[in-house]
Amino acid sequence: MKSINKNLITAMPLPAFLLVFLFLSVSSSLAQPRPITKGENRLVAFEKYMEMKARSPFTELAWQFVGPGNISIRCTDVEVVRPKGQSYTMYAATASGGLWKTVNEGTTWEPLTEDLATASIGDIALDPSNPDILWMGTGEANIFRSSQSGAGIFRTTDGGKTWKHLGLENTFTIARILVNPRNSQVVYVAASGHEWTPNPERGVYKTTNGGETWEKILYVNELTGAIDLVMHPENPDILYAATWQRIRKKWNDPRNEPGYNGSGIWKTTDGGKTWKKVNNGLPEARYRGRIGIDIARSNPEVLYAFIDNYEIIREAYGETDSYGRPRGGVIMGATVYRTSNGALSWQRVSGQTEEMARYMERHSGTYGWVFGQIRVDPNDENTIYTMGVQLHVSNDGGKTFRTLRGMHADHHGLWIDPDNSDYLFNANDGGVCVSYDRGETWHLFTERLQASQFFNVQVDNADPFHIYGSIQDHGSYRAEVDLIRGRDRIPVADFEWAPGGEGSNHAIDPTDPNRVYAAGFYGNMIRGYLQENGWQTKTIVPRVYEDEPPLRGQWMAPFILSPHNPDIVYLGMQYLFRSIDRGNTWERISPDLTYNDPKKMGDIPYQTLFTISESPLMPGLIYAGTDDGRAHLTKDGGKTWTEITKGLVPDRWVSRVVASRYHMGTVYLTQNGKRDDDFAPYIWKSDDYGKTWKSIVANIPIGPVNVIREDPFNRDILYVGTDAGVFVTKDGGNHWDVLGDLPMTYVLDLVIQERENFIVIGTHGRGVWLMDANEINGGTRPRWRR
């Protein structure tokens, strides 16, 4: 908004001044918020958030962590202070739960980064000359569907008590950090770049002054970043870098696309002043996907490259991928190459027999771009470990492999003790674990590092009530909330299996808490009923005729039970479906509500519904929002539809739509810019059924926004969950405050258990938390009005 001359305002007659004031107020509320796409702007916004948090009138209200106590989080890297025996300090970097530390070999863990601008860690590196100095690169480089962006590089000089931000905030993902063992001021960083959008802050960076300034010493293009980096153990000026050309699209996982030629291996012998491509013997550039590299400390002329190889080996007739989607041609996938001459030439060593070829084909499932880590035993050049769905070991230089079992799947990090190769420290989707016998047996820290990645959260009306939610790479779970000790002393709970998958929405019949619905995995929906002998489930998915377009459902397909009749179920694909018999039969009640652009269709279902809301005041008054930025309304149960997208931010994911329980024409809508690398908050309110929208972001400085809820007892109270924390307003959105002293975390969902008056949040990184809402809303229900 343009500045106004204050003298002009004071000189105006009162009516004219009021007109200007009203004009500015209306213009401000109707103006679209500006995107936040630059890392430096995001850091400024986060500082404003922290200032709001410090002065919030609700900062003393307690969030209570309730679990799970038996499930841990996807971890991306590990570090160990040497020598073992003299120190028992270990670090675990998580994908979205921050950095954790133990000083007693995993007996207890403490979080170290609860007040930083991101909780997503890509890589960590201890200074070889000082165990109190640790470098942390933020932004998970695996760019999984739920990966979060980083905010650059940080360093601690006191073992994690305090942190200093040292730049590179526009890289968004950092895959590797190397500290020169002879000069701690010299540090190298492999930056893999933005997940969703092109950017020039990719490649290899170097500092010679401890991070005060950085020089980009290897750069390919705006789509190609550095995904791995290793240093010669005897000459720190010799480095090898792996680059990876990739971008994630809303409708496709990362993959090699026509014209891609940026993935490969590079070598420098002068500390990064000059680089040379060293790809002789590797697959052609068009077939090279993600590449992991490592060097044999016992013989530095030996290196291994672990390549996601896109060469087609056969057609996949009738086969599906890991998530049940039709599969294209089968690629070679995980392939290991070795050099014995410092990368002058490479030889393929894996998959040389039919048995081993099939073994390697299965190595990384159908999502090899998630993996790509390889380690060489520092004391044996022929023993190597590769990380895929399972952890694999070869003792003959990659010719044959076997699987190491006894821990969770999906592996992303491994530390091998240079003083004792029997000791392994592993990072995977289920947390971290150690082995004292080269991986034959494992000691897990699942119940000690208590962080987890929830996609959603829901509650039932049982007494005591249960919390339901779906957890990354685990499935759907539930737990009973124990209030016996009081509302302020709820214990951490172990969660048990519940109907649904790892990415699911849930709804529980309000009249029968034993009846549970779940939809996920791109629209697969089930209905479960808890009987004495366990859960009985039934698949309840709509069908289409063979000559109709196939159904497209989001990873977490939205559905609701009608607030007027719990037997009525609404399910969103590209259409809205309705069932009046608990999902046994379905009726399509809308046309395609997305843009249905053929150019934006790929492996991942996109252009789908993501959020649905039926008015609690009027049956058949239904709102629907899509992942491609459209919003629609029907007032007659689906007979006619009206688009209400005008005034919203184009192309931004509609993360939530909520029909008001207090006023017929009022509706709230949030948009999420994560998939455009946009961190701005977008929150809208309409009092005329979506004809016009007013921004109620007000003083919220940072997003993205995932959820908005009305308070069930006070029409002026709203709650918003963002990728930083929870906000609350007590005046309908004119002013917001940070709610409670929650660690920085990604709040993906928020619900309110009305009988007990508890706010429940599901975070993607720190599990489930509760807050007693009595001190916020007083627990007094007003009369509804139309």
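No experiment lies behind these values; they were computed from the predicted model shown.

A short note on the overall build of the chain
Counting its secondary structure elements, the chain contains 5 helices and 56 strands. Relative to a compact globule of 786 residues, whose C-alpha radius of gyration would be 28 Å, the chain shows 27 Å and is just as compact. Looking at the 786 residues of the chain, the share that counts as buried comes to 63%. Long-range contacts, defined as pairs at least 24 residues apart, comprise 55% of the intrachain contacts of the chain with a sequence gap of at least 6. Total accessible area computed for the chain in this model is approximately 30,000 Å², and 48% of it derives from carbon and sulfur atoms. Positive and negative side-chain charges in the chain, numbering 82 and 94 respectively, have mean positions lying 5 Å apart.

Some remarks on the nonpolar core
Tyr623, Leu669, Ile683 and Phe727 are the most contacted members of the largest nonpolar core, which totals 47 residues. Taken together, the elements giving at least two residues each to this core come down to α3 (39-55), β44 (631-634), β46 (653-659), β47 (667-672), β48 (682-686), β50 (705-710) and β51 (718-722). Ranked by residue count, the leading element in this core is α3, at 5 residues. Counting residues in each nonpolar core, the second largest holds 28 residues, with Val278, Leu282, Tyr310 and Val389 among its members.

Quick word on the side chain of Lys250
Following the sequence through the fold, Lys250 ends up in the loop between β15 (239-245) and β16 (264-268). One polar contact links the side chain of Lys250 to the main-chain carbonyl oxygen of Asp651, over a distance of 3.5 Å. Polar contacts involving the side chain of Lys250 include one to the side chain of Asp676, which spans 3.2 Å. Setting aside anything within four residues of it in sequence, one finds Lys250 in contact with Trp196, Ile604, Tyr606, Asp651, Arg675 and Asp676.

Focus on helix α4 (residues 354-362)
Buried within α4 are the following residues: Met356, Tyr359, Met360 and Glu361. On its buried side, α4 packs onto β19 (303-314), β20 (330-339), β24 (391-394) and β25 (402-404).

What to know about the sheet that holds β20
Strands sit in the order β18-β19-β20-β21 across an open sheet of 4 strands; the sheet is antiparallel. Edge positions in the sheet fall to β18 (288-295) and β21 (347-348), since each of these pairs with one other strand and no more. Of the pairings in the sheet, the one linking β18 to β19 comprises 6 bridges and is antiparallel in character. Residue pairing across strands places Asp294 opposite Tyr304, the latter belonging to β19. On the sheet, α4 packs against β19 and β20 and is oriented at approximately 110° with respect to β20.

Some remarks on the sheet that holds strand β10 (residues 174-179)
Read across the open sheet, the 4 strands follow the order β10-β11-β12-β13; overall the sheet is antiparallel. Both outer strands of the open sheet, β10 and β13 (215-218), are each paired with one neighbouring strand and no more. Strand-to-strand twist of the sheet, defined as the mean angle between neighbouring strand axes without regard to direction, takes the value 25°.

Overview of the environment of Glu756
With respect to the helices and strands, Glu756 occurs in the loop between β54 (747-753) and β55 (758-763). A relative accessible area of 17% means that Glu756 is categorised as buried. Considered as a pair, Glu756 and Val189 are 567 residues apart in the sequence and their alpha carbons are 50 Å apart. Setting aside residues up to four positions removed in sequence, Glu756 forms contacts with Asp463, Phe465, Leu483 and Arg487.

Some words on unusual backbone geometry
Geometrically, the link from Asp463 to Pro464 is a cis peptide bond, its omega value of 0° lying close to zero. With respect to the helices, strands and loops of the structure, Pro464 is situated in the loop between β30 (458-459) and β31 (466-471). In this model, Gly703 is joined to Pro704 through a cis peptide bond whose omega is -10°. Topologically, Pro704 is positioned in the loop between β49 (694-695) and β50. Within the chain, Phe521 stands out as a residue other than glycine whose phi angle is a positive 50°. Structurally, Phe521 is set in the loop between β35 (515-520) and β36 (524-531). When its relative accessible area of 25% is taken as the criterion, Phe521 is described as partly exposed.

A word on the packing of aromatic side chains
Evaluation of the coordinates by the stated rule reveals 19 aromatic pairs. Considering the side-chain rings of Phe46 and Tyr49, the 5.6 Å spacing of their centres and the 35° angle between planes classify their relative orientation as tilted. Highlighted residues: Phe46 and Tyr49, both in helix α3, separated by 3 residues, approximately one helical turn. A single burial state applies to Phe46 and to Tyr49, both of which are buried. Note on Phe454 and Phe495: the rings are 5.9 Å apart at their centroids and 70° apart in plane angle, and the pair reads as edge-to-face. Of this pair, Phe454 sits in the loop between β29 (443-444) and β30 while Phe495 sits in the loop between β32 (475-480) and β33 (496-497), and the two are 41 residues apart along the sequence. Here the two residues Phe454 and Phe495 agree in accessibility, since each one is buried. It is Arg588 that lies over the ring of Tyr575; its NZ or CZ is 4.2 Å from the centre. Positioned above the aromatic ring of Trp653, the side-chain terminus of Arg675 is 3.7 Å from the ring centre.

Quick word on α3
For α3, spanning 17 residues, the distance from its first C-alpha to its last is 25 Å, which sits close to the expected 24 Å at 1.5 Å a residue. Within α3, the full set of buried residues consists of Gly39, Arg42, Leu43, Ala45, Phe46, Tyr49, Met52 and Lys53. Contacts from the buried residues of α3 go to β9 (164-165), β52 (726-729) and β53 (737-738).

What about the pairing of strand β8 (residues 153-156)?
Taking every second residue as pointing to the same face, both faces of β8 are buried, with Ile153 and Arg155 on one and Phe154 and Thr156 on the other. Pairing between strand β7 (residues 130-138) and β8: 4 bridges, direction antiparallel. Across the sheet, Leu134 pairs through a bridge with Thr156, a residue of β8. The pairing of β8 with β9 spans 2 bridges and is antiparallel. Directly across from Arg155, in β9, lies its bridge partner Lys164.

Brief notes about the side chain of Lys101
As for its placement among the helices and strands, Lys101 is situated in strand β4 (residues 99-102). Although buried, Lys101 forms no salt bridge, and the nearest oppositely charged side chain, Glu110, lies 5.3 Å from it. A polar contact of 2.9 Å, which involves the side chain of Lys101, links it to the backbone oxygen of Gly159.

Brief notes about the pairing of β52
Here β52 shows two buried faces, one formed by Val726 and Val728 and the other by Phe727 and Thr729. Sheet analysis places β51 next to β52, joined by 4 bridges and oriented antiparallel. In the sheet register, Val720 faces β52, and the bridge partner there is Phe727. Hairpin connection between β51 and β52: a loop of 3 residues separates the two successive antiparallel strands. In this sheet, β53 lies alongside β52 in antiparallel orientation, the contact comprising 2 bridges. Bridge pairing links Phe727 to Val738 in β53.

Rules used throughout
Residues numbered from 1 in each chain as written. Predicted model: local features only at pLDDT ≥ 70, side-chain atom pairs only at ≥ 80, totals over all residues. Heavy atoms only, no water. Helix = DSSP H or I, 4+ residues; strand = E, 2+ residues; numbered from the N terminus. Rg over C-alpha atoms; globule rule 2.2 N^0.38 Å. Buried < 20%, exposed > 50% of the residue type's maximum accessible area, 1.4 Å probe, protein only. Contact = heavy atoms within 4.5 Å. Areas by Shrake-Rupley, 256 points an atom, 1.4 Å probe, with all protein chains shown as cover. Lys, Arg positive; Asp, Glu negative; His and termini not counted. Charge placed at Lys NZ, Arg CZ, Asp CG, Glu CD. Core = buried A, V, L, I, M, F, W, Y, C linked by side-chain atoms within 4.5 Å. Polar contact = N/O pair within 3.5 Å; in protein donor to acceptor, adjacent residues only side chain to side chain. Pairing = 2+ DSSP bridges. Axes fitted to C-alpha atoms, helices over the stretch in contact; angles between N-to-C directions. Phe/Tyr/Trp six-rings, centres within 6.5 Å; stacked < 30°, edge-to-face > 60°. Lys NZ or Arg CZ within 6 Å of the ring centre and 35° of its normal. Expected span 1.5 Å × (residues − 1). Salt bridge = Lys/Arg side-chain N within 4 Å of Asp/Glu carboxyl O.

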